[in-house]
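Architecture and fold: a report
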Amino acid sequence: MSKILVTGAAGGIGMRMRQLLPAIYPDIRWSDIREPADLRPGEDFMQADLARLDEVEAICKGVDGIVHLGGFSVEGSWETILSANIIGCRNMYEAAYRAGVKRVVFASSNHAVGFYPRSQTIGVDVTVRPDSRYGVSKVFGEAMGALYADKHGLRVTCLRIGNFGDVPLDVRRLSIWLKPEDLVQLIRIGLEHPDIHFEIFYGASDNAATWWDNSNAYKFGYKPAGRAEDFRAQAEAAQAKLAPDPVGDKLQGGTYPSDEYDADKRAR
Ligand code: 15L
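Residues numbered from 1 in each chain as written. Predicted model: local features only at pLDDT ≥ 70, side-chain atom pairs only at ≥ 80, totals over all residues. Heavy atoms only, no water.

Points about the side chain of His68
- Mapped onto the fold, His68 is located in strand 4 (residues 65-68).
- Discounting chain neighbours no more than four positions away, the residues touching His68 are Thr7, Leu50, Cys89, Met92, Val105, Phe106 and Ala107. (Helix = DSSP H or I, 4+ residues; strand = E, 2+ residues; numbered from the N terminus. Contact = heavy atoms within 4.5 Å.)

Written out as structure tokens, the structure is:
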């Protein structure tokens, strides 16, 4: 991969990738709807609104691979999700195709399957069970990836990211934590592995309490370094300060499925 485009450069994951990816990929174009506050001289940055195809086409020019972190990264109104994540994601795949981009790594999310119970271990081949409008948009992004891979030969890797950060924040995150360096490994597999056509991996470190079967990622050589159990005591201490969530505490997506939940109140 010579030239890489990373969208969502000003977001939480994007900011961290700006520290980690340049050592591996020297020629990166960063993009976001707003300029990152700490943009350094010499960094290739192009502002773009993902909802505008012409702007997305401009940032894809001359690019070999895309890491698509852009969009709205939590639950939002339908209008926000439609514009940033659904139209934005369609524009990214379409612009990538038109520009002859070879590979896309799409930041999907655990919220594509957040309605699965924590008691169930799931692989990447289960029926999707999104837990929010945000989760639906991630399912859409995965489906678009499959379409552009099968119909147009784009090589696409979807990462169902758990919770990205330096430490697992609470008990739920002990199961889904993703250490930043492990995300870098997954991105590299997506951008470089010769056998990628269309794949889904869970974006998770080596978490003993996992509820995901991530053997598909291991098949491609993924060797996560992060171990959530090393942080169990602090995650449990943080959990003790949180109010119980009778719905979300049983479900993989946590507060996302319990937010706006009223299935129990409707007459059947
Ligand atoms: C996500 O997909 C979000 O982007 C992030 O902000 C967290 O909410 C994370 O999921 C999570 O499930 O903890």
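This is not the end of the story, as more comes after the structure.
Looking at unusual backbone geometry
- A positive phi angle, near 70°, is found at Glu260, a position not held by glycine.
- You can see Glu260 is positioned in the segment after helix 9 (255-258).

Some thoughts on helix 2 (residues 53-60)
- By the burial criterion, the buried members of helix 2 are Val56, Ile59 and Cys60. In an axial view of helix 2, the angular spread of the buried residues amounts to 100°, which keeps them on one side of the axis.
- Elements that come into contact with the buried residues of helix 2 comprise strand 1 (3-7), strand 2 (27-32), strand 3 (44-47), strand 4 and helix 3 (78-98). (Buried < 20%, exposed > 50% of the residue type's maximum accessible area, 1.4 Å probe, protein only. Arc of directions from axis to C-beta.)

Things to note about the packing of aromatic side chains
- The final tally for this structure, using the stated rule, is nine aromatic pairs.
- When the ring of Tyr93 is compared with that of Phe106, the centres are 6.4 Å apart and the planes differ by 50°; the resulting orientation is tilted. Residue Tyr93 is found in helix 3, and its partner Phe106 is found in strand 5 (residues 103-109); the two are separated by 13 residues along the sequence. Of the two residues, Tyr93 and Phe106, neither departs from the other in class, the shared state being buried.
- For the pair Tyr202 and Trp212, a centre-to-centre distance of 4.7 Å together with 10° between the ring planes defines the contact as stacked. (Phe/Tyr/Trp six-rings, centres within 6.5 Å; stacked < 30°, edge-to-face > 60°.)

Here we look at the environment of Met46
- With respect to the helices and strands, the residue Met46 is situated in strand 3.
- A residue is classified by how much of its surface remains accessible, and Met46, at 26% relative accessible area, is partly exposed.
- Along the primary structure Met46 and Ala9 are separated by 37 residues, whereas in three dimensions their C-alpha atoms are 9.8 Å apart.
- Apart from the residues within four sequence positions on either side, Met46 is in contact with Arg29, Trp30, Ser31, Asp32, Ala58 and Ile59.

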